[in-house]
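Residue-level structural notes
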Amino acid sequence: MSRSEEYTSILEETTRGAFFLFSGGFIATALSALTGILIARLLGPEQYGIYSLAFTIPGFLMVFTGFGVNSALTRYISSLYNGEKSSRLASMIKIGTLFIMFESILVFILGYLFINELTRILLGRADLADYSLILLPTIILQAVITASIGVLLGFSDALRVTYINIIQQVFRLLIAPLLVVTGFGLVGALYGNTIAYGLACIASLIYLYKYYVLIRDENNNEPATKILLEMVSYGIPLYISSVITALIDTYRNALLARIADDYTIGSFSAAFRFVTLITIIMAPISTMLFPAFSKLNNNRGELRKMLVVSIKYSSILVVPATVFYIVMSRELVAVLFGRDYLYLTPRYFSLLSANYLYVAVGYMVLGSFFSGVGDTRVNLEASVIYAGLFTLLAIPLARLLGVDGLVYSMIIGNGVSILYSLYIAHRKYSAKPDYKSSLAILTASLVAGVPVYTLSSMITFIGVPLNLLKLVVGGLVYLFIYTTLLPLLGVMKQGDLEFIVNAFSKIKPLKPFIVLIAKYEEKLIGKRVFY
């Protein structure tokens, strides 16, 4: 296979894998959003604020597990597996999974022993200890799930990754709201989450064992400590990055607990969880690009090409979705959460969504790029820059602007850290986005949003049926304008259309929709007014 054919094959495999993750992610996130909406409605803003804060301590402790071994499993399996048995990869899977499991048990024990001190110090709310304790087993369960997903992604098995996510969210939807309405209230909602994690963990271990048996070979005499050290050495920068992110999340929640009442925290938490609607598109692309960049690690020319194409295609999907969510935030909140959340949640959602406009210059792609080439230190340095700026700005901006100030701190910190990653990518690998395409995509997205926002603002009635109608009509109008502008602005060209059709035509559920849009785009390609 030539280098060009290898590149095309990897890109198409990445596209198909991203679609499976997108499909599963869409279902899982939709189920998660539905569960969140039901719980938010059943509990009300104040109790939902407490419910959201209860996740802080388990989330904080969760990052002290794994040491990046799950990422190492993905990279080594994707770069070394050739379809045959491999004693070394089998040893990596066994040693890595056991290490993550036992280390997470230790973190759980420490969390259990010091739960009161952690809630008092980090949240200033000792009354939340019992609620956090219910979620504490998720530390072990999530660590095992993450290890299993790392293995599955290494084998490019995106389908089973989606199964794990769907299993978790289906049981969360079935159990958590049921426990709330049957009289267990807030406690029932928390237990529902823990039980769902447990069932997903069982499924993930079954899938992991399947691949372990597939490649197991008993001839490996390499010391376990050497294998573990190799994986940890690769994963440590990524692990430290995740620790920094978790510390920042904890710091943000600690500030929230001190500057806002439960209603405001509940409104912000609803918006924060609502942003997962954007990650339905974003996460699958980022996840599948990691092993793709790993496979092209020894071919710098194709790596640069993959980076440009990845940023362009991810921007075509994520940027317009982000703008649409910002424009229609009030309608979305009204339909999904109800009147009680209309006062603050739409504004918080719009502000939080703005972070995803950075996708146009590499947000979500650059991290996968550096992980794939093994230069994980850059991700760590970018995380440190974000953490430093957020920590520096959060308190003064929060005092000046309240919760809005926290979001502005996040936006500024993200922007500067992305600029740093872009600088290193260009200096070290001569790789950079196609800024012309990025600007055109941003322009098309914003222009398409103007008439939709204008029409939406003219009708302010907040009844659910009308808001739902506004979303449907607004979405169709937005899609029509946006897809019309892409070829006119020179973003969508014949080569792009050919690749998209070839890649997605093998995915039967999408084929009719893709062909319909492709035919419309093709009619416009020869009529560009800007180039």
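Predicted, not measured: the structure shown is a model, and the values here were computed from it.

How each quantity is defined
Residues numbered from 1 in each chain as written. Predicted model: local features only at pLDDT ≥ 70, side-chain atom pairs only at ≥ 80, totals over all residues. Heavy atoms only, no water. Helix = DSSP H or I, 4+ residues; strand = E, 2+ residues; numbered from the N terminus. Buried < 20%, exposed > 50% of the residue type's maximum accessible area, 1.4 Å probe, protein only. Areas by Shrake-Rupley, 256 points an atom, 1.4 Å probe, with all protein chains shown as cover. Contact = heavy atoms within 4.5 Å. Phe/Tyr/Trp six-rings, centres within 6.5 Å; stacked < 30°, edge-to-face > 60°. Salt bridge = Lys/Arg side-chain N within 4 Å of Asp/Glu carboxyl O. Patch = residues over 30% accessible without salt bridge, like charges linked within 9 Å, V, L, I, M, F, W, Y side chains within 5 Å. Core = buried A, V, L, I, M, F, W, Y, C linked by side-chain atoms within 4.5 Å.

**Some details on the overall build of the chain**
A count of helical and extended segments in the chain gives 21 helices and zero strands. When the 531 residues of the chain are sorted by exposure, 57% land in the buried category. With the model as given, the accessible surface of the chain reaches about 22,700 Å², and the carbon-plus-sulfur share is 66%.

**Digging into the environment of Gly-188**
Following the sequence through the fold, Gly-188 ends up in helix α8 (residues 158-215). Of the residues examined, Gly-188 reaches a relative accessible area of 2% and is grouped as buried. In sequence terms Gly-188 and Ala-176 are twelve residues apart; their C-alpha atoms lie 6.2 Å from each other. Those residues in contact with Gly-188 that lie beyond four places of it in its chain are Ala-176 and Leu-179.

**Regarding the packing of aromatic side chains**
Tallied over the full model, the rule gives 23 aromatic pairs. Judged by centre distance (4.5 Å) and plane angle (40°), the ring pair of Phe-67 and Tyr-239 falls under tilted. A residue pair is termed long-range when its members are at least 10 positions apart, and Phe-67 in the loop between α2 (56-62) and α3 (69-80) and Tyr-239 in helix α9 (residues 224-259) qualify at 172 residues. Relative accessible area serves as the criterion here: at 24%, Phe-67 is assigned to the partly exposed category. For Tyr-239, a relative accessible area of 9% puts it in the buried group.

**A short note on the pattern of salt bridges**
Side chains that differ in charge, positive against negative, can pair when their charged atoms come close. Per the stated rule, a full pass over the model turns up seven salt bridges. Put simply, Glu-230 and Arg-88 hold a salt bridge, and the shortest N to O gap is 2.3 Å. With a gap of 142 residues between them, Glu-230 in helix α9 and Arg-88 in helix α4 (residues 87-113) connect regions that are remote in the sequence. Residue classification places Arg-88 among the partly exposed residues on the basis of a relative accessible area of 23%. Arg-347 serves as the salt-bridge partner of Asp-404, at 3.0 Å between the closest nitrogen and oxygen. Here the residue Asp-404 occupies a position in helix α17 (residues 403-429), and Arg-347 occupies one in helix α14 (residues 345-353), the gap between them amounting to 57 residues. Residue Arg-347 is classed as partly exposed on the basis of its relative accessible area of 40%. Each of Arg-125, Asp-127 and Asp-262 takes part in salt bridges that share partners, so that together they form one network.

**Quick notes on a nonpolar patch on the surface**
Together, Leu-98, Phe-102, Ile-105, Leu-106, Ile-109, Leu-110, Tyr-112, Leu-113, Phe-114 and Leu-133 make up a nonpolar patch on the protein surface, roughly 940 Å² of accessible area in all. With respect to the helices, strands and loops of the structure, Leu-133 is situated in helix α6 (residues 129-135).

**Things to note about α14**
Of all nine residues that make up α14, eight are buried, and the element is covered over most of its length. Among the residues of α14, Thr-345, Pro-346, Tyr-348, Phe-349, Ser-350, Leu-351, Leu-352 and Ser-353 are the ones counted as buried.

**Quick notes on the side chain of Ser-350**
As for its placement among the helices and strands, Ser-350 is situated in helix α14. For Ser-350, a relative accessible area of 18% corresponds to the buried category. In contact with Ser-350, not counting residues within four places along its chain, are Ile-326 and Ser-329.

**Focus: the side chain of Glu-331**
With respect to the element layout, Glu-331 can be found in helix α13 (residues 329-336). Ignoring anything within four residues of it in the chain, the contact list for Glu-331 reads Ser-456, Asn-467, Lys-470 and Leu-471.

**Structural notes on unusual backbone geometry**
Note: most residues except glycine have negative phi, and most peptide bonds are trans. At Phe-67, a residue that is not glycine, the phi angle is positive and equals roughly 55°. In the Ramachandran plot, Met-364 falls in the positive-phi region, its phi being about 90° despite a non-glycine side chain. Relative to the helices and strands, Met-364 resides in the loop between α14 and α15 (366-372).

**Some details on the nonpolar core**
With 108 residues, the main nonpolar core has Tyr-51, Leu-61, Ile-316, Phe-337, Phe-369, Phe-370 and Tyr-482 as its most contacted residues. Setting aside anything within four residues of it in sequence, one finds Ile-316 in contact with Ile-441, Tyr-482, Leu-486, Val-491 and Met-492.

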